[in-house]
Structures are given as C-alpha cells and as structure tokens.
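Notes for the structure review
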Amino acid sequence: MKEILSLGGATNISDFLGFLRWFDFDGLEKSLKRISKRADSFLQRLIDEHRFEKRTTNTMLDHLLKQQQSQPEYYTDQIIKGLIMVMLLAGTDTSSITLEWAMTNLLNNPNILKKAKDELDTHVGQDHLVNEHDISKLSYLQNIVYESLRLHPAAPLLLPHFSSKDFTIEKYNIPQNTILMVNAWAIHKDPNLWIDPICFKPERFEKEGETNKLLSFGMGRRACPGENLAHRTMSVTLGLLIQCFEWKRIGKDKIDMGEKKGVTLEKEISLKAMCKLRHPMKIENAF
Ligand code: HEM
C-alpha cells in the first residue's frame, strides 16, 4: 500500500514533457505496471477466497459478491477489485494518519486529553465500549477530530483538479486545462480565517459554522465520498483509545511535530507513547 501511494503521488516528468513518455525516463511507468499487477493478483486471491468459502460473513466483499450473482454484468471482478482498492487506498492511510496526529496533539496537551476523558466518562461510562451510537453525545471528541484535520489535513494539497474552462479568481486568470492544486494545509493555518491558527484548540469548533471552513475532504462534486465514514471510524477509534487506556508521553519533552513531504501528511517520526489499561472492563459488557 505504501509503495502504491508513493508511486501514485510521484511527479511524472512525462506529464509535462510528453516526448519523454517514449523513454519511460525514470522507470515510473514500469514500476506502476509492476505494482498494479501485484495489487491485482492480491485482490483476485481475496475475491476467490471469499467466493469459495462456505461461511458467509458480513463484509463488504461478501455483499458485493452477492450483488454479482444477481447483476453479473455490472458487478464484475474488475469492478469489485476497483472498489476494494479505492477503499484501501483512499480510506486507510488518511484515517490512520489523522488518528496519529490526534493522539500526538492529545499527548502534548494533557488538559485536552483529560477533558475528552471526562466527557467519555460522563456520557458513556465504563459499561460498554464506545460505539457509533455514542458519537453524537461526544461533541468535544468530535471537535478533537476536526481540529486534527484542520492542523494536519491528511491530503494537504487535496487531489489535483483540472480547469474545464478559462476563469478568474481574484487577480489570477486561470486558462482552461490547467492542473490546479488547493493548498488546504496553508488555508487551514491562515490567520485571516482562524484565531491562534497554529494552536491545537478543539474548543474553536464550539462556534457554529466553524467546521464549514474546513477543506480536509475537499468540496463540491469531487469531494471525498468517504467523509462520513471517516468521521465515524476516527471518532469511535479515538474514543476507544481514550476510554480504555491511560496515555503518557515517553519522556518529559513534547512530541516532535515534524511532517514528512508527500501526497499524504505523515508524521516525520512515528508516534511512540506509553499506555496502560484504564479499568478492567467486564468482557461480557464490552461488546
Ligand atoms: C481522514 C480521512 C480522509 C481524508 C482526510 C480524505 C480526504 C480526501 C480528499 C482531500 C479528497 C480529494 C477531494 C478533492 O480534491 O476535492 C478525497 C477523495 C476521495 N476519497 Fe477521501 N479522505 C478520507 C477518507 C476516505 C475514506 C474512508 C474513503 C472511502 C472508504 C475515501 C474515499 C475517497 C474517494 C473514492 C475519493 C475520490 C473522489 C473523486 O475523485 O470523485 N476517503 N478524500
């Protein structure tokens, strides 16, 4: 997955100097073909395993294979492989990166972590594990996710767009067929839009309408279709991490906030932290 993401985000010089395509100048095309073949055979194996397994489970793949039986001309293996690929490529790294940043910010701001813990103790308690139904009661937790997405948008330049006709933004004339990148990372830190833009302050989202200024999932027709799913999974996962464990930094120093360069905004140094179980939850109540 890492290799696909890094090759997918690599600059392809042949996009700008078309004649270089003849030579596959830096071997990018060859590498893409190799990795596509590997990914395709991995996904085909996955489909075949599920197809021949007698036991049915409640997974996306099982549902798609059921659809294949009633509409084989649409739900081909090719379409199913594409759908799984999109889920894996667009949905996993982005969500896990955001969670890593959220935990880093919480560990660097123990007062915010405590506030989130108190909210969980008040609205969920310890009788059951946090689940999707609890999320609407956990507004502070949701604001932590928004604030993490503001400071560390997982796709900092969104995806490249293309102008379908000539247009003007402020004093800039943009010709048709221009590749356009939106710098969400910079817009999210613009002091004209945000008070204390570089501070981690989940409280800012208590003001109505503040979330509308976020660009982390893009906007318009090509905005991220996984936004709701991502919010739910990230809120539940972060909620579980706070509900079940006591968290501490490894040393006294604040955790490094350096960012790696790339299509997705990874931490330069992966997060390492200490945790211990908060309370022995009765396992029969946990699920
Ligand atoms: C924290 C999590 C996520 C973030 C920050 C994120 C962000 C984005 C962004 C910025 C775009 C491009 C929007 C644009 O350029 O206007 C995008 C596109 C997309 N995302 Fe997400 N995403 C996340 C999770 C997911 C999940 C969970 C899925 C699906 C399971 C998903 C599926 C997609 C797809 C299919 C597109 C392409 C849409 C298109 O081109 O029309 N994303 N995402």
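If you're wondering where the values come from, they're calculated on a predicted model, not measured in any experiment.

Let us look at helix 8 (residues 227–244). Here helix 8 is 18 residues long and its end C-alpha atoms lie 26 Å apart, about the 26 Å a rise of 1.5 Å per residue gives. Along helix 8, the positions that sit buried rather than exposed are A230, H231, M234, S235, V236, L238, G239, I242, Q243 and C244. In this structure, the buried residues of helix 8 make contact with helix 4 (77–108), helix 5 (110–123), helix 6 (139–151), strand 5 (245–249) and strand 6 (273–277).

Before going further, it helps to spend a moment on the nonpolar core. Membership of the largest hydrophobic core comes to 28 residues, with the highest contact counts inside it found for L106, L138, I144, L238 and I242. Among the elements that take part in this core, helix 6 stands out by supplying 6 residues, more than any other. Beyond its immediate stretch of four places on either side in the chain, I242 contacts L106, L113, A116, K117, L120, L141, W247 and R278. With 14 residues, the next largest nonpolar core counts L28, L43, L64 and L65 among its residues.

Only one protein atom coordinates the iron atom of the ligand: C224 (SG), located 2.3 Å from the metal. Positionally, C224 belongs in the loop between helix 7 (184–187) and helix 8.

Our next topic: the pattern of salt bridges. Following the criterion strictly, the structure yields 19 salt bridges and no others. Two residues, R204 and E147, come together in a salt bridge whose shortest N-O distance is 3.0 Å. Here E147 lies in helix 6 and R204 lies in the loop between helix 7 and helix 8, a separation of 57 residues in the sequence. Taking relative accessible area as the criterion, R204 reaches 11% and is therefore assigned buried. Judged by its relative accessible area of 0%, E147 is buried. The closest approach of N and O atoms between E246 and R278, which form a salt bridge, is 3.8 Å. A residue pair is termed long-range when its members are at least 10 positions apart, and E246 in strand 5 and R278 in the loop between strand 6 and helix 9 (283–286) qualify at 32 residues. On the basis of relative accessible area, R278 is assigned to the partly exposed category, the value being 21%.

A few words now on the side chain of S235. Relative to the assigned elements, S235 resides in helix 8. S235 sits in the buried class, given a relative accessible area of 1%. A distance of 2.8 Å separates a polar atom in the side chain of S235 from the backbone oxygen of H231. Setting aside residues up to four positions removed in sequence, S235 forms contacts with I135, L141, Q142 and V145.

Bringing the environment of K276 into the picture now. Here K276 is to be found in strand 6. When the C-alpha atoms of K276 and E246 are compared, they prove to be 5.3 Å apart, with 30 residues separating the residues in sequence. If sequence neighbours within four positions are ignored, K276 has contacts with C244, F245 and E246.

What follows deals with the packing of aromatic side chains. Tallying each qualifying case throughout the model produces 4 aromatic pairs. When the ring of Y74 is compared with that of Y75, the centres are 4.9 Å apart and the planes differ by 90°; the resulting orientation is edge-to-face. Judged by relative accessible area, which is 48%, Y74 ranks as partly exposed. Taking the relative accessible area as the measure of exposure, Y75 reaches 17% and is therefore buried.

Bringing the state of the cysteines into the picture now. Tallying each qualifying case throughout the model produces 0 disulfides. Between C244, a free cysteine, and C275, which holds the nearest cysteine sulfur, the sulfur-to-sulfur gap is 10 Å. When its relative accessible area of 43% is taken as the criterion, C275 is described as partly exposed.

Time to look at unusual backbone geometry. Although it is not a glycine, L158 adopts a positive phi angle of roughly 50°. Relative to the helices and strands, L158 is located in the loop between helix 6 and strand 1 (161–162). For D196, which is not glycine, the phi torsion reads 45° and is therefore positive. Looking at the element boundaries, D196 is found in the loop between helix 7 and helix 8.

On to the confidence of the model for the chain, then. In low-pLDDT regions, the fine details of the predicted coordinates are not to be read closely. Here the chain averages 92 in pLDDT, and 97% of its residues register 70 or above. When pLDDT is averaged over each helix and strand of the chain, the minimum, 54, is found for helix 9 and the maximum, 98, for helix 6. Scored by ipTM, the complex comes to 0.99, with pTM at 0.90.

The rules behind each value
Residues numbered from 1 in each chain as written. Predicted model: local features only at pLDDT ≥ 70, side-chain atom pairs only at ≥ 80, totals over all residues. Heavy atoms only, no water. Helix = DSSP H or I, 4+ residues; strand = E, 2+ residues; numbered from the N terminus. Expected span 1.5 Å × (residues − 1). Buried < 20%, exposed > 50% of the residue type's maximum accessible area, 1.4 Å probe, protein only. Contact = heavy atoms within 4.5 Å. Core = buried A, V, L, I, M, F, W, Y, C linked by side-chain atoms within 4.5 Å. Donors = N, O, S within 2.8 Å, 3.2 Å for Na, K, Ca; no water. Salt bridge = Lys/Arg side-chain N within 4 Å of Asp/Glu carboxyl O. Polar contact = N/O pair within 3.5 Å; in protein donor to acceptor, adjacent residues only side chain to side chain. Phe/Tyr/Trp six-rings, centres within 6.5 Å; stacked < 30°, edge-to-face > 60°. Disulfide = S-S within 2.5 Å. pLDDT = per-residue confidence, 0-100.

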